[in-house]
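Spelled out, the chains give:
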2 protein chains.
Amino acid sequence: MPLADPFVATLQSWIEVSMRRSMRNFLHYARESGLSMSQFGALFHIHRIGSSGVTDLGEYLGVTSAAASQMLERLVQQELILRSEDPHDRRVKQIVLTEKGSQVLAEGIRARQGWLDDLAASLSFDEKQQITMALTTLVEKATHLKQAVKQNSNLFIEEHP
Amino acid sequence: MPLADPFVATLQSWIEVSMRRSMRNFLHYARESGLSMSQFGALFHIHRIGSSGVTDLGEYLGVTSAAASQMLERLVQQELILRSEDPHDRRVKQIVLTEKGSQVLAEGIRARQGWLDDLAASLSFDEKQQITMALTTLVEKATHLKQAVKQNSNLFIEEHP
DNA sequence: CTATATATTTCAGCTCGCTTAACTATTTAA
DNA sequence: TTAAATAGTTAAGCGAGCTGAAATATATAG
């Protein structure tokens, strides 16, 4: 076990602070919008990857296709998603966000991150510039990292032996 | 509505990337440990503020004291918390983590942030140093911000008029 | 002392999200 | 063409988590 890297420790502090804030805002919005965390997760995934099949979404969320189907049914009833037949393979369903679904999702994200404006206002121009550079590096590296892990997901994340 | 501040945009990107990663790891651990998000949230809050009353915890979580009481009962049964009478006011219960509760919480946090080691490994010494400085500033400002908001919470967050 | 306020628990009843199992429809392989 | 695989839905049943209302115990105000 490695000793505490000050870099990692700082990163942990920041993630703890930012996640607590973001989650708090987000849960507040989710509650008043009548949507659950799971439902937002589904909307988010559908938005991110474009169209998705029922089973794929279930795998992403870590649930059975039956559970995914039931959740999607609720989202259809709320007019947040559209579920249509894939013309190339009529067994699969194409799932996309409706206009309303996109709006709800966007508003949730905005609610989650609204405090960032206040944070920005409390920083000087130079501080902001320096932080922007640092975070840009982080985002880039983390994105590459993500792809690396995705390749190994069979081994380490989804199904350990 | 302000135009997109590149600082805020970068911050949003980073939070999206880091939250998606952290939440994914965390949900994975939560699932295999048999605890729900809400339960972890409760453990986290109890850990953060030391001891807490039932109603206080419910208010923090945004639920009635009845709901909080029921959740705490489940946590007691799992031996994650201790619930005892407050000697100064025997109506209220003191709620603290057990050793097991602390361990489970710490492991959850570790699972959530395990990917940071990989991220650290992908950065040079200079990059890490620069990012550490930037994040230290962010953490400090965000913490101050938090207190500022706490003072206004009656107005803007907990109970809007 | 009595009335009221506060802290917590219990209960009935509800929704959500989950599972397994059974079923339908469609595609693909032999 | 028939058999097997795949995608999705449906149904029954479970536990978590929530609410409102009622009950209990304690503290505090008059």
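Everything numeric here is computed off the predicted structure, so don't read it as measured data. (Residues numbered from 1 in each chain as written. Chains lettered and ligands numbered in written order. Predicted model: local features only at pLDDT ≥ 70, side-chain atom pairs only at ≥ 80, totals over all residues.)

## Some thoughts on the relation of the copies chain B and chain A
Turning chain B through 180° and shifting it by 0.0 Å along the axis lays it on chain A, with an RMSD of 0.1 Å. Both copies of the chain, as the preceding transformation shows, are related through a two-fold rotation axis. (Least-squares fit on C-alpha atoms with pLDDT ≥ 70 in both.)

## With respect to the protein's contact with DNA strand C
Residues in close proximity to DNA strand C total 27 residues, the closest being Ser36 of chain A together with Gly53, Thr55, Ala66 and Ser69 of chain B. The element best represented in the surface near DNA strand C is helix H4 (residues 65-77) of chain B, accounting for 6 residues. Residues of the surface near DNA strand C, tallied by class, amount to 9 nonpolar, 10 polar and 8 charged. (Near = placed C-beta within 6 Å. Helix = DSSP H or I, 4+ residues; strand = E, 2+ residues; numbered from the N terminus. Nonpolar A, V, L, I, M, F, W, Y, C, P; charged D, E, K, R; others polar.)

## Details of helix H1 (residues 6-33) of chain A
Residue and element names in this part refer to chain A. Taking 1.5 Å per residue as the helical rise, H1 with its 28 residues ought to reach 40 Å, and the 40 Å between its terminal C-alpha atoms agrees with that figure. The complete set of buried residues in H1 reads Thr10, Leu11, Gln12, Trp14, Ile15, Val17, Ser18, Arg21, Ser22 and Phe26. Looking one or two residues past H1, Gly34 carries a phi angle of roughly 80°, positive in sign. (Expected span 1.5 Å × (residues − 1). Buried ≥ 20, exposed ≤ 12 C-beta atoms within 10 Å, placed from the backbone.)

## Observations regarding the protein's contact with DNA strand D
Contacts to DNA strand D come from 26 residues, most closely from Gly53, Thr55, Ala66 and Ser69 of chain A together with Ser36 of chain B. Going through the elements one at a time, helix H3 (54-61) and helix H4 (65-77) of chain A together with helix H2 (37-49) and H4 of chain B are the ones with two or more residues in the surface near DNA strand D. No other element matches H4 of chain A, which puts 6 residues into the surface near DNA strand D.

## Some thoughts on the confidence of the model for chain A
Per-residue confidence for chain A averages 86 on the pLDDT scale, and 88% of its residues sit at or above 70. Here residues 148-161 of chain A scores under 50 on pLDDT; set against residues more than four positions off or in separate chains, the count is 4 contacts. (pLDDT = per-residue confidence, 0-100. Contact = placed C-beta atoms within 7 Å.)

## Overview of the environment of Glu59 of chain A
Residue and element names in this part refer to chain A. Within the fold, Glu59 resides in helix H3. When the 15 C-beta atoms within 10 Å are taken as the criterion, Glu59 is described as partly exposed. Here the alpha-carbon distance between Glu59 and Ala9, two residues 50 residues apart in the chain, equals 32 Å.

## With respect to the interface of chain B and chain A
Size of an interface, as often reported, equals the accessible area lost when the parts are brought together. Taken together, the contacts link 41 residues of chain B with 41 residues of chain A. For the side of chain B that touches chain A, the elements supplying multiple residues, two or more each, are helix H1 (6-33), helix H6 (115-121) and helix H7 (125-156) of chain B.

## Notes on unusual backbone geometry
The backbone of Glu79 of chain A sits at a positive phi, close to 60°, despite the residue not being glycine. The topology assignment puts Glu79 of chain A in the loop between H4 and strand E1 (81-85).

## Focus on the packing of H2 of chain B against helix H5 (residues 99-113) of chain B
Residue and element names in this part refer to chain B. At their nearest, the axes of H2 and H5 sit 10 Å apart, and the two run at 110° to each other. Considered as vectors, H2 and H5 are oriented roughly perpendicular to each other. Together, Phe40, Leu43, Phe44 and His47 of H2 and Gly101, Leu105 and Gly108 of H5 make up the contact between the two elements. (Axes fitted to C-alpha atoms, helices over the stretch in contact; angles between N-to-C directions. Parallel < 35°, antiparallel > 145°, perpendicular 65-115°, else oblique.)

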